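The residues making up each chain are set out below.
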Amino acid sequence: MALKQWLQRGGHWIKQAMPGYCAFCLAPALAGRGWCATCLDELPWNLHACRQCGDPVSHGESLCGYCLIDPPAFSTTQAGLLYQGAIKQLVHDFKFHASPRAGMLLAELMLLTPPDKLGDAFLPVPMTPMHARFRGFNQSHWLAERLNRQLGTPMVSARRIKN
Ligand SMILES: [Zn+2]
Ligand SMILES: [Zn+2]
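The structure displayed is predicted, hence computed values, not measured ones.

Turning to the side chain of Asn-46, a few remarks are in order. Inspection of the secondary structure assignment puts Asn-46 in the loop between helix H2 (37-42) and helix H3 (65-69). On the accessibility criterion, Asn-46 (10% relative accessible area) is buried. At a separation of 2.9 Å, a polar atom in the side chain of Asn-46 contacts the main-chain carbonyl oxygen of Ala-79. Beyond its immediate stretch of four places on either side in the chain, Asn-46 contacts Gly-54, Pro-56, Ala-79, Gly-80, Leu-81 and Leu-82.

Here it is in structure tokens:
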């Protein structure tokens, strides 16, 4: 219920880090974490996902309808959480308001659901110079750096050639 109430209040978490307290509801946090057990439980976990594209599927199915008919060029996708509710709000705040607190929470949450097999490298999505100016920095690069430090998987970079 804690997350639902938080979203009803407008979904603004505590933007200043308050060590020991949940970023969403201010209850005491789990040891070393930015959230409490209740809010963690209520996050939109992607429990049954298409193994190729990561979209939610019915329990027991391994591929979604799109991947059965017209599969994408990539073979697997890991998406532990759905772009909904509190997660949507966190991504929005990180992407458009450059909130470091939101970024830290997203990196911590990504580390809770690492892929079964780590790939060869992290490749942050490159930005156009215009987007880089607008957003201040490349958020996917920032996240990849944190994951690289924790998981040890190397980082590679790419240059965007088309807007
Ligand atoms: Zn909480
Ligand atoms: Zn799919």
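A separate point is the coordination of the zinc ion (ligand 1). Protein coordination at the zinc ion (ligand 1): the donors are Cys-22 (SG), Cys-25 (SG), Cys-36 (SG) and Cys-39 (SG), at 2.3 to 2.4 Å from the metal. Bound by four donor atoms, the zinc ion (ligand 1) shows angles of 105 to 115° at the metal and therefore tetrahedral coordination geometry. Sequence spacing of the donors to the zinc ion (ligand 1): C-x2-C-x10-C-x2-C. Accessibility expressed as a relative area gives 1% for Cys-22, which makes it buried.

Each protein donor to the zinc ion (ligand 2) is listed here as Cys-50 (SG), Cys-53 (SG), Cys-64 (SG) and Cys-67 (SG); together their distances run 2.3 Å. Coordination at the zinc ion (ligand 2) is tetrahedral: its four donor atoms span angles of 106 to 117° at the metal. Mapped onto the sequence, the residues coordinating the zinc ion (ligand 2) show the spacing C-x2-C-x10-C-x2-C. For Cys-50, a relative accessible area of 1% corresponds to the buried category.

Criteria and thresholds
Residues numbered from 1 in each chain as written. Chains lettered and ligands numbered in written order. Predicted model: local features only at pLDDT ≥ 70, side-chain atom pairs only at ≥ 80, totals over all residues. Heavy atoms only, no water. Helix = DSSP H or I, 4+ residues; strand = E, 2+ residues; numbered from the N terminus. Buried < 20%, exposed > 50% of the residue type's maximum accessible area, 1.4 Å probe, protein only. Polar contact = N/O pair within 3.5 Å; in protein donor to acceptor, adjacent residues only side chain to side chain. Contact = heavy atoms within 4.5 Å. Donors = N, O, S within 2.8 Å, 3.2 Å for Na, K, Ca; no water. Tetrahedral: all angles 85-135°; square planar, octahedral: opposite > 155°, others 65-115°.

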